Amino acid sequence: MPMPKEQFLNAMRFLAASVSVISAKDSSGKPYAMTASSVTSLTIDPPAILVCVNNGASIHDALVENANLCISILNKTQQEISNICSLKNMESRRFKNDFWDTSDTPFIKNAQSNIFCKVDETVAYHSHKIVIAKVLRAENADIFNTLMYADGGYLD
Ligand SMILES: Cc1cc2nc3c(=O)[nH]c(=O)nc-3n(C[C@H](O)[C@H](O)[C@H](O)COP(=O)(O)O)c2cc1C
């Protein structure tokens, strides 16, 4: 008997996660960004990280092998940019604000951490692509103030 989706979704509501925004430019230089809670540390040797990206997300096709991407772990003051990067109807306005530095690989200024990566491998799995990226460098805040999401909302 297949597992009821409701049971799975309810279990996932209890899986508290940090909120990140992943960002990249495509081969023509157009920037893309998406809010993601699926960012996970993968290995330390090599330093590698993974993120799961829905096939329908606008950033999806920019995340090909050797593409540069940044994973900005958001802090608690950056809920607005999380909303901008997770609402489909905000796509055209994602970079029309002061949150960004887009001079090279786009990243969110003053994020908790900015983790600059290069895509190493991608694995297609049903509705999503698992993006495995090698970490090139990271810039970190001094104190912990990470924005968290669980039970259908942001945590205080
Ligand atoms: C807190 C939070 C976490 C999310 N995590 C993911 C994720 O890990 N992977 C994913 O594909 N979509 C995730 N989403 C949904 C995308 O941000 C959303 O579908 C976005 O609109 C897709 O980008 P697009 O508008 O450019 O197509 C998350 C949304 C929120 C609010």
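Residues numbered from 1 in each chain as written. Predicted model: local features only at pLDDT ≥ 70, side-chain atom pairs only at ≥ 80, totals over all residues.

Caption draft 1: View of the overall build of the chain. Each helix and strand counted, the chain has two helices and twelve strands in total. In terms of overall dimensions, the chain has C-alpha extents of about 50 × 35 × 35 Å along its principal axes. By the burial criterion, 28% of the 156 residues in the chain qualify as buried. In the chain, the share of contacts with a sequence separation of at least 24, taken over all contacts with a separation of at least 6, comes to 66%. (Helix = DSSP H or I, 4+ residues; strand = E, 2+ residues; numbered from the N terminus. Buried ≥ 20, exposed ≤ 12 C-beta atoms within 10 Å, placed from the backbone. Contact = placed C-beta atoms within 7 Å.)

Caption draft 2: Seen up close, unusual backbone geometry. In the segment running from Asp45 into Pro46, the intervening peptide bond is cis, with an omega of 10 degrees. Tracing the backbone shows Pro46 in the loop between β4 (40-44) and β5 (47-54). The phi torsion at His126 lies on the positive side, around 50 degrees, for a residue other than glycine. The residue His126 is located in the loop between β9 (113-125) and β10 (128-140) in this model.

Caption draft 3: Quick look at the site of the ligand. Near the ligand you find 16 residues, and of these Ala36, Ser38, Asn54, Ser58 and Ser86 are the closest. Only β3 (31-36) and β5 provide two or more residues apiece to the shell around the ligand. Considered class by class, the residues forming the shell around the ligand number eight nonpolar, six polar and two charged. (Near = placed C-beta within 6 Å. Nonpolar A, V, L, I, M, F, W, Y, C, P; charged D, E, K, R; others polar.)

Caption draft 4: Examining the pairing of β4 more closely. In terms of burial, β4 is largely open, as just zero of its five residues are buried. Inspection of the sheet shows β4 paired to β5 by four bridges, in the antiparallel sense. Each residue of the ladder has a partner; that of Ser41, found in β5, is Ile49. If you look at the hairpin formed by β4 and β5, you'll find two residues sitting between the two strands. (Pairing = 2+ DSSP bridges.)

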